[in-house]
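An overview of the molecular structure
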Amino acid sequence: MNRQLLHGLAATDQLVIIVPLLIPLFNMLIIKLGRHMPGMRDMLTLLLAGLLWFDLCMLMDFLLHSGVSPTQHIPLFPGLVLAFKATPLGLYTAGVIAALWGAVSLYLSSYIQPSHHRDSGDIYYPLLLWVSATMGIALSDNLLTLFLFSLLAMGTGARPISLPSNTSHAIVKNYSLAAVILSAIFLLPVMIWLMLQGDGSHFGIDHFDSNGMIDTNNQAIAVSLMLFLLISGLVIAPFLPLYHLLTRKIVTIQLFLPFSALTAGLIALLKAVIYIFGLDYLQHISAPNLPYFSWSSLISCFIILLFSVMALREERLLQRLGKLTVIQLAMFMLAICLFTINGVIIALLQLVAAGTALAVLFFATGVYSTALPTSVKIVDMAGIGRRHPWILAAFTLASLSLAGLPLTIGFMVKYTLLSLLFKQQLIPAALVLATATLLNGLSLLQIIIELSLPNTQQLPLFCKVPLIMRSVTILMALILLAMVGEFGYLSLWLEHLMVNL
């Protein structure tokens with residue numbers, strides 16, 4: 001697929017824009033048909049993940065060189081249209097998700113082998129539905145499309161994950177149901193309010209505008225309330241069941257669905273802030289003389305500080321990593337709620353930096369889980385990291401980046417965010433972020449020390465860890481290391497992208 005072909009598709013039926021949504025769904029069919037041929041199934045899954053990422057890269061290349069944004073409209077009912085459009089912001093977020101899907105798929109092909117569930121789609125189907133829904137969020141071009149795919153992303157856990165553990169399947173089912181219902185309750189008033197604006201067509205017909213879709217003569221208090229409901233529906237709704245899940249005995253893969261739903265909600269929030277309310281308008285009414293939006297950053301700071309303390313006190317490895325993940329997502333939200341282009345750029349940098357680091361940590365935890373029960377305490381893991389020194393090195397590198405220590409990509413993102421907070425005179429938020437950095441560093445340092453200590457007790461034997469699991473973990477760590485040298489280029493590239501949101 002070259003640029004001329006993309007130009008031809010964009011100029012004719014423009015079907016190319018919905019290809020990223022269809023590839024994961026097509027993968028579901030392959031998994032169903034190839035349930036008796038796991039090797040072929042895994043190979044085709046990886047090929048489709050690579051095709052998705054390649055398609056998004058070619059779309060980005062076409063968009064940047066031609067200035068033409070492919071669009072696709074799918075009428076549902078009179079006045080209700082699903083609208084998709086390729087924008088730099090949407091293609092970037094979709095590209096990050098596609099790359100992570102490829103890594104997760106490659107890892108899963110070996111991770112689920114010992115559980116004898118290689119013929120089951122219970123693990124793959126929710127993942128593929130979430131990828132397709134997130135593509136829809138990233139490429140959405142009106143309110144109806146954004147909200148429908150957001151609800152779909154939150155409902156990807158409808159099928160229970162079929163892995164041996166002490167976690168009841170009902171927990172994952174109930175999580176999805178609770179997230180969807182709570183989100184719909186919060187988002188419905190926002191839909192109604194936006195339908196009442198202007199000619200009443202914002203919900204299903206009007207397309208997104210980088211300057212916002214609402215009347216700038218609206219009262220700031222009303223807009224503040226709508227933004228609160230939007231944050232509640234896209235962020236708080238999937239967060240509440242997630243907190244309940246973190247208290248359970250879980251395995252690595254069972255954390256994916258809740259965090260994926262929360263990530264999709266944050267991407268949807270980013271698009272809503274830019275294309276529904278407008279950055280300039282939000283920044284204007286959040287000025288010191290009209291501080292109606294100070295609460296949005298306070299929510300993020302409260303979550304960051306609270307979970308930093310909880311993570312330091314958490315005794316179990318997987319649950320501690322889960323709480324550290326919540327902190328990274330709260331940082332993403334904090335950057336969004338600055339309502340500036342620089343804040344959006346930091347959020348996009350945080351998405352790729354934290355996403356890669358967390359992937360390494362959870363992949364490494366999956367390697368260690370072959371010898372340890374999921375409920376094991378960190379203090380009982382002394383010396384187990386020495387069984388796989390390269391995995392320990394990858395875990396250490398990702399931990400340093402997640403904690404924000406110097407000479408890592410995580411430090412560069414946090415330093416940029418801190419600089420922006422000081423520039424906007426948000427000193428309390430900057431102090432919270434600095435404090436959380438210290439606490440997170442201590443949380444991760446304890447894990448590293450325990451893993452690398454000489455073993456003082458007889459440790460359980462590892463099951464044979466597949467080479468693919470170890471290779472993917474180390475490869476992701478190398479990518480994380482390479483990002484340090486490319487941080488400046490990536491920042492400048494994102495600044496160039498944000499010129500045409």
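Bear in mind the structure is a predicted one, so any value in this text is a computation, not a measurement.

Across its full length, the chain carries 17 helices and two strands. Long-range contacts, defined here as pairs at least 24 residues apart, represent 81% of the contacts in the chain between residues at least 6 apart. Entry remark: accessible area of the chain is about 20100 Å², with carbon and sulfur atoms responsible for 69%.

This part takes up the packing of helix H5 (residues 124-139) against helix H6 (residues 143-154). Running from amino to carboxyl end, H5 crosses H6 at an angle of 160°, the nearest separation of the two axes being 8 Å. Viewed along their axes, H5 and H6 adopt a mutual orientation that is roughly antiparallel. By crossing handedness, the relation of H5 to H6 is classed as left-handed. From H5, Trp130, Ser132, Ala133, Gly136 and Ile137 reach across to H6, where they touch Thr145, Leu146, Phe149, Ser150, Leu152 and Ala153.

Bringing the pairing of strand E1 (residues 71-77) into the picture now. With six bridges connecting them, E1 and strand E2 (residues 80-85) associate as antiparallel partners. Residue pairing across strands places Pro75 opposite Val81, the latter belonging to E2.

For the structure shown, the criterion picks out one salt bridge. The partner of Glu314 in a salt bridge is Lys323, with the nearest N and O atoms 3.2 Å apart. Residue classification places Glu314 among the buried positions, given a relative accessible area of 12%.

With respect to the secondary-structure elements, His73 resides in strand E1. On the basis of relative accessible area, His73 is assigned to the partly exposed category, the value being 40%. Considered as a pair, His73 and Asp141 are 68 residues apart in the sequence and their alpha carbons are 9.2 Å apart. When residues no more than four places from it in sequence are discounted, the contact partners of His73 are Val81, Leu82, Ala83 and His207.

Before going further, it helps to spend a moment on helix H12 (residues 317-336). Compared with the 28 Å implied by 1.5 Å per residue over 20 residues, the 29 Å span of H12 between its first and last C-alpha is a close match. Most of H12 sits inside the fold, with 20 of its 20 residues counted as buried.

Further remarks concern unusual backbone geometry. In most cases, non-glycine residues show a negative phi, while peptide bonds are predominantly trans. Its identity as a non-glycine residue notwithstanding, Leu407 has a phi of 70°, on the positive side. Assignment of secondary structure puts Leu407 in the loop between helix H14 (389-403) and helix H15 (409-423). The class for Leu407 is exposed, based on a relative accessible area of 75%. Phi at Gln425 takes a positive value of approximately 60°, unusual for a residue other than glycine.

Once that is clear, we can look at the confidence of the model for the chain. Here the chain shows a mean pLDDT of 78. Residues at 70 or above account for 78%. Taken together, the stretch residues 9-13 has pLDDT below 50 and engages in six contacts with residues farther than four places along the chain or on a different chain. Under a pLDDT of 50 for its full length, residues 288-293 has, in the predicted model, 12 contacts with residues more than four places off or in other chains.

Attention now goes to the side chain of Thr145. One can find Thr145 in helix H6. Side-chain polar atoms of Thr145 contact the backbone nitrogen of Ala83, separated by 2.9 Å. Every residue in contact with Thr145, bar those within four places of it in the chain, is listed here: Val81, Leu82, Ala83, Phe84, Gly136 and Ser140.

Moving on, we get to the packing of aromatic side chains. Using the criterion set out here, one finds five aromatic pairs in the structure. Arranged with centres 6.2 Å apart and planes meeting at 50°, the rings of Tyr92 and Trp493 form a pair that is tilted. Of this pair, Tyr92 sits in helix H4 (residues 88-111) while Trp493 is found in helix H17 (residues 467-497), placing the two residues 401 residues apart along the sequence. With relative accessibility at 26%, the residue Trp493 sits in the partly exposed group.

Summarising the element assignment, Leu148 is placed in helix H6. Under the relative-accessibility criterion, Leu148 is labelled partly exposed at 41%. In sequence terms Leu148 and Leu82 are 66 residues apart; their C-alpha atoms lie 9.2 Å from each other.

Further remarks concern a nonpolar patch on the surface. Taken together, Leu312, Leu438, Leu442, Leu445, Ile449 and Leu453 make up a surface patch of nonpolar side chains, about 490 Å² in accessible area. Considering every element that reaches the nonpolar patch, the biggest residue donor is helix H16 (residues 427-452), with four residues. Positionally, Leu442 belongs in helix H16.

Here the focus is the side chain of Gln328. Summarising the element assignment, Gln328 is placed in helix H12. With residues up to four places along the chain from it excluded, the contact list for Gln328 reads Gln350, Ala354, Leu358 and Leu402.

This next bit is on the packing of helix H3 (residues 38-66) against H5. Two elements in contact, H3 and H5, have axes separated by 14 Å at closest approach and are oriented at 10°. Judged on the interaxial angle alone, H5 and H3 are roughly parallel. Residue-level contacts link Arg41, Asp42, Leu52 and Leu56 of H3 to Tyr124, Val131 and Met135 of H5.

Our next topic: the state of the cysteines. Evaluated as defined, the whole model comprises zero disulfides. Of all cysteine sulfurs, the one in Cys337 lies closest to Cys301, which takes part in no disulfide; the gap is 9.7 Å. Here Cys301 falls in the buried class, since its relative accessible area comes to 8%.

Calculation notes
Residues numbered from 1 in each chain as written. Predicted model: local features only at pLDDT ≥ 70, side-chain atom pairs only at ≥ 80, totals over all residues. Heavy atoms only, no water. Helix = DSSP H or I, 4+ residues; strand = E, 2+ residues; numbered from the N terminus. Contact = heavy atoms within 4.5 Å. Areas by Shrake-Rupley, 256 points an atom, 1.4 Å probe, with all protein chains shown as cover. Axes fitted to C-alpha atoms, helices over the stretch in contact; angles between N-to-C directions. Parallel < 35°, antiparallel > 145°, perpendicular 65-115°, else oblique. Left-handed = near helix turned anticlockwise from the far one by under 90°. Pairing = 2+ DSSP bridges. Salt bridge = Lys/Arg side-chain N within 4 Å of Asp/Glu carboxyl O. Buried < 20%, exposed > 50% of the residue type's maximum accessible area, 1.4 Å probe, protein only. Expected span 1.5 Å × (residues − 1). pLDDT = per-residue confidence, 0-100. Polar contact = N/O pair within 3.5 Å; in protein donor to acceptor, adjacent residues only side chain to side chain. Phe/Tyr/Trp six-rings, centres within 6.5 Å; stacked < 30°, edge-to-face > 60°. Patch = residues over 30% accessible without salt bridge, like charges linked within 9 Å, V, L, I, M, F, W, Y side chains within 5 Å. Disulfide = S-S within 2.5 Å.

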